[in-house]
Amino acid sequence: MAVLLGTDIPVGPPADPTAEEPLTESCATTPAGAASRRPISGSVHSWDLSTGVDGPGTRFVTFLAGCPLNCLYCHNPDTMKMRNGKRTSADEILTEAAKYTTFIRASGGGATVSGGEPLLQPVFAGELFHRFKHELGLHTALDTSGFLGARATDALLADVDLVLLDIKSWDRELYRKVTGRQLDPTLDFARRLADLGKDVWVRFVLVPGLTDPVENVEGVAGFAASLGNVSRVDVLPFHKLGAAKYEALGQDFPLADTPTPTPEQVAAARAVFTGHGLNAI
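Residues numbered from 1 in each chain as written. Predicted model: local features only at pLDDT ≥ 70, side-chain atom pairs only at ≥ 80, totals over all residues. Heavy atoms only, no water.

> Explain the packing of aromatic side chains to me, please; I cannot follow it from the model alone.
A ring pair, where both rings are aromatic, is described by two values, the distance of the centres and the angle of the planes. Taken as a whole, this structure holds seven aromatic pairs when the rule is applied. Measuring from centroid to centroid gives 6.3 Å for Phe-238 and Phe-253, while their planes differ by 25°, and the two rings are stacked. Separated by 15 residues along the polypeptide, Phe-238 in the loop between β8 (230-237) and α8 (243-248) and Phe-253 in the loop between α8 and α9 (263-275) bring together distant segments of the chain. Over the face of the ring belonging to Trp-170 we find Arg-172, whose NZ or CZ atom lies 5.9 Å from the ring centre. (Phe/Tyr/Trp six-rings, centres within 6.5 Å; stacked < 30°, edge-to-face > 60°. Helix = DSSP H or I, 4+ residues; strand = E, 2+ residues; numbered from the N terminus. Lys NZ or Arg CZ within 6 Å of the ring centre and 35° of its normal.)

Here it is as C-alpha cells:
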C-alpha cells in the first residue's frame, strides 16, 4: 500500500473543530458516511488485538493516523501525523477483523477505532463503525479526546456502543499546557453524549506534578458525575513506554524527567472519583 501523502497537523492557533480536514476522504454509501461512493479508505497507522484497555473484552483495535492535539505525555507520537499512516480501505480492515470475530465474541469484546484521533477522519471512522456493527455484529467503541466531537454526526454515533473519552484536565490553562488546545470542545461533546444517552468511559491520565492537583482531579470527577452516563472511569498512571518512539523519531520526550505515580497516588486519585459515586478502575 502506498503511503498517504499530506500535510502535518497545524501547530498554530487551535483548529476549528467543525472545519473539514483538508486531507479529503473518499465518500461512503453507509448512513455513517457522506453518501456518494465506495470503497472508502483512510490513513491507518496500524491495527492490533488488545484485552481490557480499549473497551470490554478482547478488541480488534484500528489506530488511525493523525491527531490535532500535542499531548506532553503522548505515548504514540508516531500516530500524530496523517501522512505517517498508510492509505487503507475499509474492506481491508473488515477482512482482517473478520478473522478474529469468533474469538472476540467469545470474550465479550468488539471493535475499537482509536488513534491518533479517529474524528480527524470522520467519514472513514463512520464507515468502519457501521460495518463492524452491521456486517460483523461486533460491539463498537470510539476512543477519542473529544476535541473534534463536532465532526461526529448523529449517524456515526448511532453505530457506536461505547465512547472512551479522554478528559486530560479540568483546569483550562493546564489543559492547554498539556495538549496545546482548548478544553471546551471536549466538554461540549461529553454533554452531547449524555443527551444521547451514550455509554461513556472517562479516561484520566495521572501525571505527578502536572495533572495530579486535587482540585484538578476533583474538577474532572465532578463533571463526569454530573453527566449521568459515565459507567466507568479509568485512572491511568503516567508511564514512559513511548520514550523509545520519541528517540526513534529524533524527538525529545517532553516528560522524560517526570516520575511515574506511586500506587498510593493512583489510589488517592481513584478515591476522588469514587467519592463522586463513579466506578473508578
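> Please explain the pairing of strand β2 (residues 58-64) as it appears in this structure.
Two faces belong to every sheet, and in a regular strand the side chains alternate between them. Within β2, seven of the seven residues are buried, which leaves it mostly tucked inside the rest of the structure. Covered by surrounding structure in β2 are Thr-58, Phe-60, Thr-62 and Leu-64 together with Arg-59, Val-61 and Phe-63, the residues of both alternating faces. As judged from the seven bridges shared by strand β1 (residues 41-51) and β2, these two strands associate in the antiparallel manner. Bridged to Ser-46 within β2 is Phe-63. Connecting the antiparallel pair β1 and β2 is a turn made up of six residues, with Gly-52 showing a positive phi of about 85°. Taken together, the five bridges between β2 and strand β4 (residues 110-114) define a ladder with parallel strand orientation. Looking across to β4, one finds that Thr-62 is bridged to Val-113. (Buried < 20%, exposed > 50% of the residue type's maximum accessible area, 1.4 Å probe, protein only. Pairing = 2+ DSSP bridges.)

> Even after reading the chapter, I still don't get helix α7 (residues 214-227), so can you show me in this structure?
Each turn of an α-helix holds 3.6 residues, which means side chains three or four residues apart point in the same direction. For α7, which comprises 14 residues, the first-to-last C-alpha distance of 20 Å matches the rise-based estimate of 20 Å (1.5 Å per residue) to within 8%. Looking at the buried residues of α7, the elements they touch are α5 (172-179), α6 (184-196), β7 (199-206), β8 and α9. Remark: Gly-228 follows α7 within two positions and exhibits a positive phi of approximately 85°. (Expected span 1.5 Å × (residues − 1). Contact = heavy atoms within 4.5 Å.)

> Mind showing me how you'd approach the sheet that holds β2 here?
Each strand in a sheet pairs with its neighbour through backbone hydrogen bonds, running either in the same direction (parallel) or in the opposite one (antiparallel). Spatial strand order, β3-β1-β2-β4-β5-β6-β7-β8: eight strands in an open sheet with mixed pairing. Looking at the sheet topology across the chains shown, the edges are occupied by β3 (86-89) and β8. The sheet shows a mean angle of 30° between the axes of neighbouring strands, direction not considered. Lying over the sheet, α7 contacts β7 and β8, oriented at roughly 180° with respect to β7. Each of β7 and β8 touches α9; the most contacted strand, β8, lies at about 160° to it. (Axes fitted to C-alpha atoms, helices over the stretch in contact; angles between N-to-C directions.)

> In this structure, what is going on with α6? I would like to understand it.
Compared with the 18 Å implied by 1.5 Å per residue over 13 residues, the 18 Å span of α6 between its first and last C-alpha is a close match. Within α6 the residues assigned to the buried category are Pro-185, Thr-186, Leu-187, Phe-189, Ala-190 and Leu-193. In this structure, the buried residues of α6 make contact with β5 (139-144), α4 (154-158), β6 (162-166), α5, β7 and α7. Gly-197 occupies a position one or two residues after α6 and carries a positive phi of about 70°.

> Whenever I open this one, the environment of Gly-277 confuses me. Can you help?
Topologically, Gly-277 is positioned in the segment after α9. Here the alpha-carbon distance between Gly-277 and Ala-221, two residues 56 residues apart in the chain, equals 9.2 Å.

> What should I look at first to understand the packing of helix α1 (residues 90-98) against helix α3 (residues 122-134) in this one?
Two numbers describe a pair of packed helices, the interaxial angle and the distance between the axes. Here α1 crosses α3 at 35°, and the two axes come no closer than 10 Å. Between α1 and α3 lies a crossing of right-handed hand. Taken together, the residues of α3 that come into contact with α1 (itself represented by Ala-90, Asp-91, Ile-93, Leu-94 and Ala-97) are Phe-124, Glu-127, Leu-128, Arg-131 and Phe-132. Among the residues making up the contact of α1 with α3, the classes are represented as seven nonpolar, no polar and three charged. (Left-handed = near helix turned anticlockwise from the far one by under 90°. Nonpolar A, V, L, I, M, F, W, Y, C, P; charged D, E, K, R; others polar.)

> Would you mind showing me how to read the confidence of the model for the chain here?
Do not read the predicted coordinates in detail wherever pLDDT is low. On average, residues of the chain carry a pLDDT of 88, and 86% of them reach 70 or more. The low-confidence segment residues 1-29, where pLDDT is below 50, has 74 contacts with residues more than four positions distant or belonging to other chains. (pLDDT = per-residue confidence, 0-100.)

> What exactly am I supposed to notice about the pairing of β8 here?
Summarising the sheet, β7 and β8 pair through seven bridges and their orientation is parallel. Note on β8: the bridge partner recorded for Leu-206 is Pro-237. What joins β7 to β8 is α7, and the crossover it makes is right-handed. (Right-handed = clockwise from strand over helix to strand, strands pointing away.)

> Any chance you could explain the pattern of salt bridges here in plain terms?
When charged atoms on two side chains of opposite charge get close, those side chains can pair. Counting across every chain of the model gives 13 salt bridges. The partner of Lys-133 in a salt bridge is Asp-161, and the shortest N-O contact between them spans 2.7 Å. Of this pair, Lys-133 sits in helix α3 while Asp-161 sits in the loop between α4 and β6; the two residues are 28 residues apart in sequence, bridging distant segments of the chain. The class of Asp-161 is partly exposed, set by a relative accessible area of 25%. A salt bridge links Arg-232 to Asp-234, with the nearest nitrogen and oxygen atoms 2.7 Å apart. Sharing partners across several salt bridges, the network here consists of Asp-91, Glu-127, Arg-131 and Glu-135. (Salt bridge = Lys/Arg side-chain N within 4 Å of Asp/Glu carboxyl O.)

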